[in-house]
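This is what each chain is made of:
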Amino acid sequence: MRLRRLRLRNHRNYAQLELSPGPGINVFIGPNGQGKTNLLEAVAMLALSSSPRARREVELVGPVGPASRIEAEVETGGSRRELAITLDVEGGRARRTIEVDGARRRAVDLPGNFRVTLFWPDDLGLVKGGPELRRRFLNQMLVQVEPGYARAIAGLRRVLEQRNNLLKRIASGESGEDMLDPWNHELVKVGSEIVEARAKAIRELEPEAARCHARIASGESLEISYEGPPENLAEAVNNSLAEDLRRGTTSVGPHRDDLKVMLDGHEARSYASQGQQRTAVVSLKLAEAALIGQRAGERPVLLLDDVLSELDGERRAALLEEVGSGGQVIVTSVEAGPFPPALIAQAMVWTVNSGRIEPCG
């Protein structure tokens, strides 16, 4: 898996960018606020179809016009593809158009054409934040490798919206409980697909995450486990009706799942230091890359934003050895100091300044 060429037009603070990263390690160095994270976001969008960062897509459109465009030539499975995402602003909202080799595609059809594993500082929430962040981690991984998963997630959102609206109407006497039956059936159907995919993925992630963490953290143990809905989802959905009507929302389903993270037998959320949390998240991301690589037959592009902060020298060295073992890596940093001279010598190094990127020798 490789990003061969990237072109940005009016994306965030990039008025115009043409970039051809190398097949190995690419290091982008520059002060905060210059566009390093924006670059990784653009690459990630080509794999996920939407930004993993922006709350509203209109935020992605730069100041030099009412539209932005991301174009790329990627290499996967021995073949090359042209991917593009265009955002056109109309009435304060952005309309998205996706193309694969010049043909329009739906958002659910883009993942799988190009695959990445992304880490940035906000991902510390995987350990210390709420369960929705850990569900998002699983979703962003599985849409890239699990056939039908993106459609199942889209289906779940639709079911929850319709079912929750209907619950409020039933509670107010505007509709009868029998109207819930088709939505309950659909919730169980798509919910079971999602639960099965997540449970299987976590079983695959666990040994590699534990190995990576022990390697980076000098033997400290990492354990992960899946906290999903009751085994009989249909029964649980039916039994939750009274509570759902009281609250006006669906209380049972994969939208309530969680991924439990333990360090040395303690819950990481309350036990771990900042450095331990960062190491645990990085280990999960490396395990994600391994899972994608195993299922897809080639390693995804690693996107690492400020990954070395708050790690001591020993952990930095072990991490860089892991990420530098092969495949394309795009890593950002405020300075070159954390990188060993030998790694810098074999990497392509770039400087980032005010939305401009230039090679640095």
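Structure: see above.
This structure is a prediction, so every number in the text was calculated from the model and none was measured.

S.K.: It is not clear to me how the overall build of the protein chain should be interpreted in this structure. Could you clarify?
M.R.: Looking only at helices and strands, the protein chain has 11 helices and 15 strands in total. For the protein chain, the C-alpha radius of gyration of 22 Å lies close to 21 Å, the compact-globule estimate for 361 residues. Overall, the protein chain is about 70 × 50 × 35 Å in size when its C-alpha atoms are taken along their principal axes. For the protein chain, with 361 residues in total, the buried portion stands at 53%.

S.K.: Would you explain the sheet that holds strand 10 (residues 258–263) in this entry?
M.R.: Within a beta sheet, neighbouring strands are joined by backbone hydrogen bonds and run either parallel or antiparallel to one another. Spatially, 3 strands are ordered 9-10-11 in an open sheet, and the strand pairing comes out antiparallel. Looking at which strands have only one partner, the edges of the open sheet turn out to be strand 9 (222–227) and strand 11 (266–267). Of the strand pairs in this sheet, strand 10 and strand 11 are connected by 2 bridges, and their pairing is antiparallel. Looking across to strand 11, one finds that Met 262 is bridged to Glu 267.

S.K.: Looking at this structure, I do not really get the packing of helix 5 (residues 181–216) against helix 10 (residues 313–323). What am I missing?
M.R.: Angle between the axes and distance between the axes are the two parameters that describe a pair of packed helices. Across the interface, helix 5 lies against helix 10 with an axial gap of 8 Å and an inter-helix angle of 140 degrees. Classified by the angle between their axes, helix 5 and helix 10 sit oblique to one another. Listed contacts from helix 10 to Arg 211, Cys 212, Arg 215 and Ile 216 of helix 5 are Arg 315, Ala 318, Leu 319, Glu 321 and Glu 322. Here the residues of the contact of helix 5 with helix 10 are counted per class, giving 4 nonpolar, no polar and 5 charged.

S.K.: Whenever I open this one, the nonpolar core confuses me. Can you help?
M.R.: When a protein is soluble and globular, its nonpolar side chains tend to lie buried together. Core analysis: the largest hydrophobic core is formed by 105 residues, its most contacted members being Leu 6, Val 27, Phe 114, Leu 303, Leu 319 and Ile 357. Ranked by the residues each element gives to this core, the list is headed by helix 5, at 11 residues. Setting aside residues no more than four positions away along its own chain, Val 27 makes contact with Val 331, Phe 339, Leu 343, Ile 344, Ala 347, Met 348, Val 349 and Trp 350.

S.K.: What exactly am I supposed to notice about the packing of helix 9 (residues 274–296) against helix 10 here?
M.R.: Between helix 9 and helix 10, whose axes approach to 12 Å, the crossing angle comes to 10 degrees. Here helix 9 lies roughly parallel to helix 10, going by the angle between them. Within the contact between the two elements, helix 9 uses Gly 275, Gln 276, Thr 279, Val 282 and Leu 286 and helix 10 uses Arg 315, Leu 319, Glu 322 and Val 323. In the contact of helix 9 with helix 10, the residues fall into 4 nonpolar, 3 polar and 2 charged.

S.K.: What should I look at first to understand the sheet that holds strand 7 (residues 103–105) in this one?
M.R.: One open sheet accounts for 6 strands, arranged 2-1-4-5-6-7; its pairing is antiparallel. Edge positions in the open sheet fall to strand 2 (14–19) and strand 7, since each of these has one partner strand only. Sheet twist, expressed as the average angle between the axes of neighbouring strands with direction ignored, equals 20 degrees. The pairing of strand 4 (residues 67–76) with strand 5 (residues 79–90) spans 10 bridges and is antiparallel. The residue bridging Val 74 from the neighbouring strand is Arg 81, located in strand 5. Of the strands in this sheet, strand 1 (2–11), strand 2, strand 4 and strand 5 are in contact with helix 1 (residues 36–48), which crosses strand 1 at around 115 degrees.

S.K.: Any chance you could explain the side chain of Ser 283 here in plain terms?
M.R.: By secondary structure assignment, the location of Ser 283 is in helix 9. Residues within four places of Ser 283 in sequence aside, it is in contact with Ala 209, Cys 212, His 213, Ile 216 and Leu 222.

S.K.: Just to check I follow, could you spell out the side chain of Thr 117 for this structure?
M.R.: Of note, Thr 117 is situated in strand 8 (residues 116–119). Leave out the neighbours within four places in its chain, and Thr 117 touches Lys 285, Glu 288, Ala 289, Ile 292, Pro 300, Val 301, Leu 302 and Leu 303.

S.K.: Got a minute to help me understand helix 10 in this structure?
M.R.: Helical geometry note: an α-helix holds 3.6 residues per turn, so side chains three or four residues apart project in the same direction. Of the residues making up helix 10, those classed as buried are Arg 315, Ala 318, Leu 319, Leu 320, Glu 322 and Val 323. Packing partners of the buried residues in helix 10 comprise helix 5, helix 9, strand 12 (301–305), strand 13 (329–333) and helix 11 (341–346).

S.K.: What is the right way to look at the packing of aromatic side chains in this model?
M.R.: Aromatic ring pairs are defined here through the distance separating the ring centres and the angle between the ring planes. Within this structure, the stated rule accounts for 1 aromatic pair. Pairing Phe 28 with Trp 350 gives two aromatic rings, centres 5.5 Å apart and planes at 5 degrees, and the pair type is stacked. Of this pair, Phe 28 sits in strand 3 (residues 25–29) while Trp 350 sits in strand 14 (residues 348–353), placing them 322 residues apart in sequence. Taking the ring centre of Trp 120 as reference, the NZ or CZ of Arg 53 above it sits at 6.0 Å.

S.K.: Help me out: how do you make sense of the environment of Gly 35 in this one?
M.R.: Structurally, the position occupied by Gly 35 is in the loop between strand 3 and helix 1. Put simply, Gly 35 and Leu 3 are 32 residues apart on the chain and 18 Å apart in space, counted from C-alpha to C-alpha. If sequence neighbours within four positions are ignored, Gly 35 has contacts with Asn 13, Tyr 14 and Val 352.

S.K.: Looking at this structure, how should I read the pairing of strand 13?
M.R.: Along any regular strand the residues' side chains alternate between the sheet's two faces. Of all 5 residues that make up strand 13, 5 are buried, and the element is covered over most of its length. The alternating pattern of strand 13 places Val 329, Val 331 and Ser 333 and Ile 330 and Thr 332 on opposite faces, both of which are buried. Here strand 3 pairs with strand 13 via 5 bridges, running parallel. In the strand pairing of strand 13, Ile 25 is matched with Val 329. Alignment of strand 12 against strand 13, held across 4 bridges, turns out to be parallel. Within the sheet, the bridge partner assigned to Leu 304 lies in strand 13 and is Val 331.

Conventions used here
Residues numbered from 1 in each chain as written. Predicted model: local features only at pLDDT ≥ 70, side-chain atom pairs only at ≥ 80, totals over all residues. Heavy atoms only, no water. Helix = DSSP H or I, 4+ residues; strand = E, 2+ residues; numbered from the N terminus. Rg over C-alpha atoms; globule rule 2.2 N^0.38 Å. Buried < 20%, exposed > 50% of the residue type's maximum accessible area, 1.4 Å probe, protein only. Pairing = 2+ DSSP bridges. Axes fitted to C-alpha atoms, helices over the stretch in contact; angles between N-to-C directions. Parallel < 35°, antiparallel > 145°, perpendicular 65-115°, else oblique. Contact = heavy atoms within 4.5 Å. Nonpolar A, V, L, I, M, F, W, Y, C, P; charged D, E, K, R; others polar. Core = buried A, V, L, I, M, F, W, Y, C linked by side-chain atoms within 4.5 Å. Phe/Tyr/Trp six-rings, centres within 6.5 Å; stacked < 30°, edge-to-face > 60°. Lys NZ or Arg CZ within 6 Å of the ring centre and 35° of its normal.

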